[in-house]
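Spelled out, the chains give:
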Amino acid sequence: MLFSPVLDTVLAGVFGLLVGSFLNVVIYRLPKMLEREWADDCAELAGKEPVHAEPFNLVVPRSRCRQCGHLIRWYENIPVLSWLALRGKCSSCGTRIGLRYPLVELATAGLFAWCVWAWGANPTGLAWCGFCAAILALALIDWDTTLLPDVITLPLLWAGLIVAALHWTPLPLPQALWGAVAGYLSLWLVTQAFKLATGRVGMGNGDFKLFAALGAWFGWQALVPIVLMASVIGAVIGIALKFASQLREGGYVPFGPFLAGAGLTALLFGPSAILQVLGL
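Residues numbered from 1 in each chain as written. Predicted model: local features only at pLDDT ≥ 70, side-chain atom pairs only at ≥ 80, totals over all residues. Heavy atoms only, no water.

Okay, the overall build of the chain next. Counting secondary structure elements, the chain contains 10 helices and 0 strands. Here the chain has a C-alpha radius of gyration of 20 Å; the compact-globule value for 280 residues is 19 Å, and the two agree. When its C-alpha atoms are laid out on the principal axes, the chain stretches across 55 × 55 × 45 Å. Residue burial in the chain is summarised as follows: out of 280 residues, 41% are buried. In the chain, once contacts between residues fewer than 6 apart in sequence are set aside, the share between residues at least 24 apart is 68%. If you sum the accessible surface of the chain, you get close to 15400 Å²; carbon and sulfur atoms cover 67% of it. For the chain, the distance from the average position of its 17 positive side-chain charges to the average position of its 15 negative side-chain charges is 10 Å. (Helix = DSSP H or I, 4+ residues; strand = E, 2+ residues; numbered from the N terminus. Rg over C-alpha atoms; globule rule 2.2 N^0.38 Å. Buried < 20%, exposed > 50% of the residue type's maximum accessible area, 1.4 Å probe, protein only. Contact = heavy atoms within 4.5 Å. Areas by Shrake-Rupley, 256 points an atom, 1.4 Å probe, with all protein chains shown as cover. Lys, Arg positive; Asp, Glu negative; His and termini not counted. Charge placed at Lys NZ, Arg CZ, Asp CG, Glu CD.)

Printed below as a string of structure tokens:
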């Protein structure tokens, strides 16, 4: 505890707003950074000059309107407040700014506040804040691009093992370790069986790593409730998208967002509550 529980919670929420603003940058730019990196690697292997010469990362270039190129001023980038003041539109060309931007900021703020309220402003609370930030970023990147970048999934997995080793969470390290192993192998085996039976690949490697990370944070006992919850949510949303003719080409729905949602549900309510909701 730094101050009082209430003040710590409020400060965590404010910090979450700032982190949420940064997550919006990560969600948009990281997949493009990976695509540029892959294109440059392919050009290098082909003995050609890199395709992209100008720098593009999470800092450079400055944020701008995708429609007119208007540079976002600092006072147009204040979490939530700027979106409200601008009425969700670019100040230069009037192009709409998606509602998802403030929603990500508010969701991050709410999760950070909840973690600090539940565990305090200590290493445990901060560790779970980091977990929430990574899970939110992964869920939305996968929904947008069907990618689960290693630069987030692997540090999330290692972080789960580290916090268990440091006793920042009550989960013993052996349970975290076997949770990671079981999480990866379970989905890998299911995918291999599906491939043998149908000749098609039903799931990407990123899903294995994300499930392994969830196993590292929650332990192997939580894997069944998490994957059941993810499957139910995925089935409901997939059916809804099909009826609304919103399925992407090939009828593919990424599984990562549903794993992430189930992981956040396990964090907020506990894995046993998931089984109760599912009537198991």
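Take the side chain of S21 next. With respect to the helices, strands and loops of the structure, S21 is situated in helix α1 (residues 5-45). Not counting chain neighbours up to four residues away, the residues in contact with S21 comprise N77, P79 and E105.

It is worth spelling out the packing of helix α5 (residues 150-165) against helix α7 (residues 205-218) at this point. Following both chains from N to C, one finds α5 and α7 inclined at 20 degrees, their axes separated by 8 Å at the closest point. Our classification of the angle between α5 and α7 gives roughly parallel. When the axes of α5 and α7 are compared, the crossing they make is left-handed. Contacts from D150, T153, L154, L156, L157, A159, G160, L161 and V163 of α5 reach α7 at G206, K209, L210, A212, A213, A216 and W217. In the contact of α5 with α7, the residues fall into 11 nonpolar, 3 polar and 2 charged. (Axes fitted to C-alpha atoms, helices over the stretch in contact; angles between N-to-C directions. Parallel < 35°, antiparallel > 145°, perpendicular 65-115°, else oblique. Left-handed = near helix turned anticlockwise from the far one by under 90°. Nonpolar A, V, L, I, M, F, W, Y, C, P; charged D, E, K, R; others polar.)

In the predicted model, the chain carries a mean pLDDT of 89, and 95% of its residues have values of at least 70. Confidence, read as mean pLDDT per element, is least for helix α10 (residues 271-277) in the chain (72) and greatest for α5 (97). (pLDDT = per-residue confidence, 0-100.)

Right, let's talk about the nonpolar core for a bit. Ranked by internal contacts, the top residues of the largest apolar core, which has 61 residues, are F131, L156, F218, I226 and L259. Those elements that provide at least two residues to this core are α1, α3 (100-119), α4 (123-145), α5, α6 (173-198), α7, α8 (223-243) and α9 (256-269). For this core, the element with the most residues is α4, which contributes 14 residues. Beyond its immediate stretch of four places on either side in the chain, L259 contacts L187, D207, L210, F211, L214, I226 and A230. (Core = buried A, V, L, I, M, F, W, Y, C linked by side-chain atoms within 4.5 Å.)

Taken together, the side chains of L177, W178, V181, L185, W188, L189 and W220 present a nonpolar region at the surface, about 690 Å² in accessible area. Along the chain, W220 falls in the loop between α7 and α8. With relative accessibility at 47%, the residue W220 sits in the partly exposed group. (Patch = residues over 30% accessible without salt bridge, like charges linked within 9 Å, V, L, I, M, F, W, Y side chains within 5 Å. Salt bridge = Lys/Arg side-chain N within 4 Å of Asp/Glu carboxyl O.)

Our next topic: the pattern of salt bridges. Throughout the structure, instances matching the rule amount to 4 salt bridges. Where R36 meets E54, a salt bridge forms, and the shortest distance between an N and an O atom there is 3.2 Å. Here the residue R36 occupies a position in helix α1, and E54 occupies one in the loop between α1 and α2 (81-85), the gap between them amounting to 18 residues. Looking at R36, the relative accessible area reads 17%, which means it is buried. We classify E54 as partly exposed; its relative accessible area is 47%. With a closest N to O distance of 3.4 Å, E76 and R73 form a salt bridge. Given the relative accessible area of 36%, R73 is considered partly exposed.

The next thing to look at is α9. Taking 1.5 Å of rise per residue, the 14 residues of α9 would be expected to cover 20 Å, and the 20 Å separating its terminal C-alpha atoms lies within 8% of that figure. With 11 of its 14 residues buried, α9 lies for the most part within the structure. Turning to α9, its buried residues number three or more, namely G256, P257, F258, L259, A260, A262, G263, L264, T265, A266 and L267. Among the residues trailing α9, G270 stands out with phi positive, at a value near 95 degrees. (Expected span 1.5 Å × (residues − 1).)

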